[in-house]
Amino acid sequence: MSFFKAKFDPNKCKLNLKLTTNRIKLLRNKKENALKSHRRDIAALLGEHKEESARIKVEGVIREDYTLEALDVVELYCELLVSRLKILEETKERPPEDLVEAICSLIFASSRLEIPELSEVRTQFERKYGREFVADAASNADTCVNPKLYFKLTMSAPQLSLVIEYLNQIAKDCGVAWEPPV
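Source: prediction; values computed, not measured.

A. The arrangement of unusual backbone geometry in detail. Even without being a glycine, His49 presents a positive backbone phi close to 60°. By the secondary structure assignment, His49 is in the loop between helix H1 (10–47) and helix H2 (51–83). Residues other than glycine seldom take positive phi values, yet Asn140 does so here, at roughly 55°. By secondary structure assignment, the location of Asn140 is in the loop between helix H6 (131–138) and helix H7 (147–153). Judged by relative accessible area, Asn140 falls into the buried class, the value being 12%.

B. Looking closely at the packing of helix H4 (residues 97–110) against H6. Relative to each other, H4 and H6 sit at 75°, their axes nearing to 8 Å. Relative to H6, the element H4 is oriented roughly perpendicular. Seen from H4, the contacting residues are Ile103, Cys104, Ile107 and Phe108; seen from H6, they are Phe133, Val134, Ala137 and Ala138. Considered class by class, the residues forming the contact of H4 with H6 number 8 nonpolar, no polar and no charged.

C. Region of interest: the state of the cysteines. Scanning the model with the defined rule gives 1 disulfide in all. The disulfide that involves Cys104 links it to Cys144, with 2.5 Å between the sulfurs. For the disulfide bridge between Cys104 and Cys144, the dihedral angle about the S-S bond is near -95°, and by the sign convention the bridge is left-handed. Of this pair, Cys104 sits in helix H4 while Cys144 sits in the loop between H6 and H7, and the two are 40 residues apart along the sequence. Note on Cys144: relative accessible area 11%, which makes it buried. With no disulfide of its own, Cys13 lies closest to Cys78 among cysteine sulfurs, the gap being 9.0 Å.

Definitions and limits used
- Residues numbered from 1 in each chain as written.
- Predicted model: local features only at pLDDT ≥ 70, side-chain atom pairs only at ≥ 80, totals over all residues.
- Heavy atoms only, no water.
- Helix = DSSP H or I, 4+ residues; strand = E, 2+ residues; numbered from the N terminus.
- Buried < 20%, exposed > 50% of the residue type's maximum accessible area, 1.4 Å probe, protein only.
- Axes fitted to C-alpha atoms, helices over the stretch in contact; angles between N-to-C directions.
- Parallel < 35°, antiparallel > 145°, perpendicular 65-115°, else oblique.
- Contact = heavy atoms within 4.5 Å.
- Nonpolar A, V, L, I, M, F, W, Y, C, P; charged D, E, K, R; others polar.
- Disulfide = S-S within 2.5 Å.

This is the structure in structure tokens:
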């Protein structure tokens, strides 16, 4: 058992930020391919007049689209922090104001996305800025998380109008004759 608090390791943080961007690229490809398949399945359901089943499946497609958009934001923040890591090394108590949103957003996303490297980044930030800062960021207590990212990762059931819009677009893209309910 160690009595010493583990310290922030900028090299480990940088490595995990880069690994996170690589993992995001792999996840993006996997999710995009799965979405193409799901869209074809939904089009088939619409063609068979199984609208309720299509509606349920399209909610999953909407969630995956939102996850893809969230991954884009996370990837940008990882790249930003890699390029400004020297600035992070110099700060003590709190991150620089221009990096607070990026750091809080990555902490927030770490528990909502299945990216182990991002969890290690969160651990490094906890070592640097403390458990309370990380807890506040994870719950968005100070509303420091990027609003778009927050929305994309905390979405509940999508609105009916969005579901209909997705169904209409899928039917159109796949050449299925389907009319949205009035």
